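Here are the chains, one letter per residue:
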Amino acid sequence: MGVKLRTQHLWISGDVATDAFGDAPQVYTVYYPQQRALLLAPMDDEIFPTIHKGGLQMLKNRNLNGDKTISLQEIIIDNDIDDTDRDLVFMYQPGMRMLHITL
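Just so it is clear, the structure is predicted and the values come from calculations on it, not from any experiment. (Residues numbered from 1 in each chain as written. Predicted model: local features only at pLDDT ≥ 70, side-chain atom pairs only at ≥ 80, totals over all residues. Heavy atoms only, no water.)

## With respect to the overall build of the chain
The line we're drawing: Think of it this way: any DSSP run of H or I at least four residues long counts as a helix, any run of E at least two long counts as a strand, and we number them from the N terminus. Computation of the radius of gyration draws on C-alpha atoms alone. For the globule rule, the value is 2.2 Å times the number of residues to the power 0.38. Whether two residues are in contact is decided by their heavy atoms: any pair within 4.5 Å suffices. Note on areas: Shrake-Rupley, 1.4 Å probe, and residue coverage restricted to the protein chains presented here. The sign given to each residue is positive for Lys and Arg and negative for Asp and Glu; His and the chain ends receive no count. To locate a charge, take atom NZ for lysine, CZ for arginine, CG for aspartate or CD for glutamate.
What the chain contains, in helices and strands, is 3 helices and 10 strands. Along the chain direction, N to C, the helices and strands of the chain fall in the order β-β-α-β-β-α-β-β-β-α-β-β-β. The globule rule puts the C-alpha radius of gyration for 103 residues at 13 Å, and the 12 Å found for the chain is close to it. Its C-alpha atoms give the chain principal-axis dimensions of roughly 35 × 30 × 20 Å. The long-range fraction of contacts in the chain, counting pairs at least 24 apart against all pairs at least 6 apart in sequence, stands at 57%. Element-wise, carbon and sulfur atoms account for 50% of the exposed surface of the chain, whose accessible area totals about 6,000 Å². One finds the centroid of the 9 positive side-chain charges in the chain at a distance of 2 Å from the centroid of its 14 negative side-chain charges.

Below you can see the structure in the form of structure tokens.
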């Protein structure tokens, strides 16, 4: 499945969420409008918050497959982003513990 936008929520498949965030209950999020880039990193990442000025958001469990969701309503409204449900382009490298999503 990967990563989707669904009802103004970021929907992350269980395998991607586990690889990128481990068991972290919250993630740092920051959106860069010029690049249309949403960056997420687990809350135990010590470097991310020193480089990026973002906030913490709860990763909500959605099903037994381990899928996770995060509300993007504020980012969508503040940046006038298309909120149509769709698959999203994303990048992550195992071991990096960060997810880069294009909105």
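We are not done yet, so read on.
## Details of the pattern of salt bridges
Pairs may arise between side chains of opposite charge once their charged atoms sit close together. To keep things clear, this is the line we draw: A pair is scored as a salt bridge if a Lys or Arg side-chain nitrogen falls within 4 Å of a carboxyl oxygen belonging to Asp or Glu. Three exposure classes are used, based on accessible area relative to the maximum for each residue type with a 1.4 Å probe and protein chains only: buried under 20%, partly exposed in between, and exposed over 50%.
What the rule picks out here adds up to 2 salt bridges. The shortest N-O distance in the salt bridge between Asp44 and Arg97 comes to 3.0 Å. Here the residue Asp44 occupies a position in the loop between strand 4 (37-42) and helix 2 (48-51), and Arg97 occupies one in the loop between strand 9 (89-91) and strand 10 (99-102), the gap between them amounting to 53 residues. Among the residues examined, Asp44 registers a relative accessible area of 47% and is labelled partly exposed. Note that Asp82 is salt-bridged to Arg86, the shortest N-O span being 3.9 Å. What makes Asp82 partly exposed here is its relative accessible area of 44%. Residue Arg86 is classed as partly exposed on the basis of its relative accessible area, which comes to 24%.

## Some thoughts on the packing of aromatic side chains
For clarity, the threshold we go by: Pairing of aromatic rings covers Phe, Tyr and Trp, the last counted by its six-membered ring, and requires centre-to-centre distances within 6.5 Å; plane angles under 30 degrees mean stacked, over 60 mean edge-to-face, and any other angle means tilted. For a ring to carry a charge above it, either NZ of a lysine or CZ of an arginine must fall within 6 Å of the ring centroid while also lying within 35 degrees of the normal to the ring plane.
For the coordinates displayed, the defined rule picks out 2 aromatic pairs. Summarising the aromatic geometry, the rings of Phe90 and Tyr92 are spaced 6.2 Å apart at their centres and angled 15° between planes, so their arrangement reads as stacked. Under the relative-accessibility criterion, Phe90 is labelled partly exposed at 28%. Stacked on the ring of Trp11, the Lys or Arg Arg6 has its end atom at 4.0 Å from the ring centre.

## Comments concerning the sheet that holds strand 8 (residues 86-87)
What counts here: By definition, two strands form a pair when at least two bridges between them are found by DSSP.
Taking strand neighbours across the sheet as the criterion, the 5 strands line up as 6-7-2-1-8 in an open arrangement whose pairing is antiparallel. The sheet is open, and its two borders are formed by strand 6 (60-61) and strand 8, each paired with just one other strand. With 4 bridges connecting them, strand 1 (residues 3-6) and strand 2 (residues 9-12) associate as antiparallel partners. Across the sheet, the residue bridging to Lys4 is Trp11, located in strand 2.

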